[in-house]
Amino acid sequence: MKDAYSLILAAIESGTYRPGDRLVESELADRFGVSRTPVREALQRLETQAMLVRDGRSLIVASLDHNQLAELYVVRAELEALAARLAARHASPEEVRVLSQMVEEDRQNQHDPEALARSNRRFHRQIHLASHNRYLVQQLDLVHRSMALMEKTSLAAEGRSAAALVEHARIVEAIASGDGVAADKALRQHISMAWETRLKLEAQAHG
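Residues numbered from 1 in each chain as written. Predicted model: local features only at pLDDT ≥ 70, side-chain atom pairs only at ≥ 80, totals over all residues. Heavy atoms only, no water.

Draft legend 1. Main features of unusual backbone geometry. Even without a glycine there, the phi angle at Ala-50 is positive, about 65°. Looking at the secondary structure, you find Ala-50 in the loop between α3 (36-48) and β2 (52-55). Phi at His-132 takes a positive value of approximately 55°, unusual for a residue other than glycine. (Helix = DSSP H or I, 4+ residues; strand = E, 2+ residues; numbered from the N terminus.)

Shown next as structure tokens:
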């Protein structure tokens, strides 16, 4: 049985609740079939984690401004690159196989940005776990939680999904061959391209 916090967080991460959406305690309790007290506690916890912000008396899903996004991508690039470097050293053969299978499965979903976004999160999470460093995994969980506050996936941009899959394959190749330097470089390049794509999407939205 999932707790109220996990249920609400998962709903934000999946895009059920988007930045700017108002979260109402009674509606959430009904939706998830839990009492209002754990929902209230979950909302308070999400507020302290800056996932929710106050708008008068209401709580709404937070959104990230340009500077926050830029800062988030800097931290993400550093931590993810470290995870890839450690994964090249510590990943088991089974973990490498799972990563390879994920890339293969994503090739079938190339034209579905939402499905790709979900599997993209799983792919990155698998790399975090393959680093075999629990403190790094915890920090990356926080980073990826904040990334759920982005308006839409950069994978929706034209041509981005195909390029991202090539980048994913390159990362797995480096991890599989135990080349930490190459894994670090491939992951940084991947995050850099994702950020560049997001900047273009931002420019188009305000154009």
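The rest of the description comes next.
Draft legend 2. Molecular detail of the sheet that holds strand β1 (residues 22-23). Pairing is antiparallel in the open sheet, where three strands are placed in the order β1-β3-β2. Lying at the two open borders of the sheet, with one neighbouring strand each, are β1 and β2. Across two bridges, the pairing between β1 and strand β3 (residues 58-61) is antiparallel. Residue pairing for β3: Leu-23 is matched across the bridge by Leu-59. Contacts between α3 and the sheet are confined to β1, β2 and β3, with β2 contributing the most and set at about 100° to the helix. (Pairing = 2+ DSSP bridges. Contact = heavy atoms within 4.5 Å. Axes fitted to C-alpha atoms, helices over the stretch in contact; angles between N-to-C directions.)

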